[in-house]
Amino acid sequence: VENQTERIESITREGNNVVVTYKDGSKDTKALADFVNVAPKVELPYSNEAKKEIYVYTGENTDLTFKASDNTAVKDMYVRGPGGIGKDNTADYGFTTGKIENSAVTHGDGTVSGATATIKMTGVTTLKAPNHWTSFVVANDNDNAPSATDFRALDQNPNATQTPGYVHFIVKSQTDKYDIATPADKVEVADPTKVTDAELDKIKEKLQIEYAQTNDDANFADKKGKTVDAADAKTKIKSVTKDDKGNLVVTYTDGSTDTKPLSEFVTQTPS
């Protein structure tokens, strides 16, 4: 329309709408989203939301799902390293992470359906605790608007944790995730100070591990203090032994250990 200014009194915003008021007082409204390109949003399963950290555990399979959504459609979704590291740096540490290009999954495991998409990160880390690294999960929409444009890590950008898709991966040992559960009942032994191998075998039969109550991983918050399923526990434990200090020693598959006094597991046989 020519000479629009002669017909329009004002253009304002009301909530999520643009409101055009004409000279005669009549109005037209349209959604604000119709006038701007909204970048996709990414959602990550942080272990520590405040620090934007995700914990991965040595000796254990990692299975994480990253999500993206857009007001129109997600076209691309991938993970990359910080700064000039544009490639998928999780691949350097033992993981396979999905990738979406032009609305199709082209690598690993993922899903894409219009306005939503997911990619999975799976595998066992090749790093030892307490190593760590930084990655960014990025999504683009059909207009190539990216979820983030600044990929500097904390050493270059003190506000990096505010960048959408930023994640600081922290490698932790299995002992950070599990602990020896307090036994429900004790094993009768002839001499609590000299537990025999046969008596130790009985302790092993009753032994349980639990999700550590000291673990601050939000992904396991609902499991704190709960016993690990017996079949699953067998895949976590490498050995159960006793040391010369009177402790029961549980060694996990990654080599990390937990100890508890043997006295918590035994009682003297009544004479």
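Above this text is the structure in question.
On a predicted model such as this, the values are computed, not experimentally measured, just so you know.

Outline the overall build of the protein, supporting the account with residue identities and numerical values.
In terms of helices and strands, the protein carries three helices and 21 strands. Its C-alpha atoms give the protein principal-axis dimensions of about 105 × 40 × 35 Å. Sequence separation of 24 or more characterises 62% of the internal contacts of the protein that already satisfy a separation of 6 or more. Between the averaged position of the 32 positive side-chain charges in the protein and that of its 42 negative side-chain charges there is a distance of 2 Å.

Would you mind going over the pairing of strand β7 (residues 74-80) in detail, with residue names and values included?
Of all seven residues making up β7, six are buried, and the element is well covered by its neighbours. Where β7 lies against strand β13 (residues 132-141), six bridges are found, and the strand directions are antiparallel. Within the sheet, the bridge partner assigned to Val74 lies in β13 and is Asp141.

How would you summarise a nonpolar patch on the surface if you had to cite specific residues and measurements?
Judged by side-chain polarity, Phe35, Val36 and Val38 come together as a nonpolar surface patch covering roughly 260 Å² of accessible area. For Phe35, a relative accessible area of 52% translates into the label exposed.

Tell me about the pattern of salt bridges, and name the residues and values.
If charged atoms from side chains of opposite charge come close, those side chains can pair. Going through the model one piece at a time under the given rule, you end up with 13 salt bridges. For Lys75, the salt bridge is made with Asp76, and the minimal N-O distance between the two is 4.0 Å. Lys204 serves as the salt-bridge partner of Asp201, at 3.9 Å between the closest nitrogen and oxygen. Of this pair, Asp201 and Lys204 both sit in helix α2 (residues 197-206), three residues apart, roughly one helical turn.

Any chance you could break down the sheet that holds strand β3 (residues 27-31) for me, citing the residues and the numbers?
Here three strands make up an open sheet; going across it, the order is β1-β2-β3 and the pairing antiparallel. Lying at the two open borders of the sheet, with one neighbouring strand each, are β1 (8-14) and β3. Taking the axes of each pair of neighbouring strands and ignoring which way they run, one obtains an average angle of 20° across the sheet. As defined by bridge partners, strand β2 (residues 17-22) adjoins β3 across five bridges and the pair is classed as antiparallel. Bridging from a neighbouring strand, Val18 pairs with Lys30 of β3.

Which residues make up the sheet that holds strand β19 (residues 247-252), and what values go with them?
Here three strands make up an open sheet; going across it, the order is β18-β19-β20 and the pairing antiparallel. Each edge of the sheet is formed by a strand with only one pairing partner; in this case those strands are β18 (237-242) and β20 (257-261). Pairwise comparison of adjacent strand axes, ignoring direction, gives a mean angle of 15° for this sheet. Relative to β20, β19 runs antiparallel, the two being bridged by five bridges. Counted as the bridge partner of Leu248 is Lys260 from β20. Seen against the sheet, α2 touches β18 and β19 and runs at an angle of roughly 135° to β18.

Procedures and definitions
Residues numbered from 1 in each chain as written. Predicted model: local features only at pLDDT ≥ 70, side-chain atom pairs only at ≥ 80, totals over all residues. Heavy atoms only, no water. Helix = DSSP H or I, 4+ residues; strand = E, 2+ residues; numbered from the N terminus. Contact = heavy atoms within 4.5 Å. Lys, Arg positive; Asp, Glu negative; His and termini not counted. Charge placed at Lys NZ, Arg CZ, Asp CG, Glu CD. Buried < 20%, exposed > 50% of the residue type's maximum accessible area, 1.4 Å probe, protein only. Pairing = 2+ DSSP bridges. Patch = residues over 30% accessible without salt bridge, like charges linked within 9 Å, V, L, I, M, F, W, Y side chains within 5 Å. Areas by Shrake-Rupley, 256 points an atom, 1.4 Å probe, with all protein chains shown as cover. Salt bridge = Lys/Arg side-chain N within 4 Å of Asp/Glu carboxyl O. Axes fitted to C-alpha atoms, helices over the stretch in contact; angles between N-to-C directions.

These values are about where atoms sit, not about what they do.
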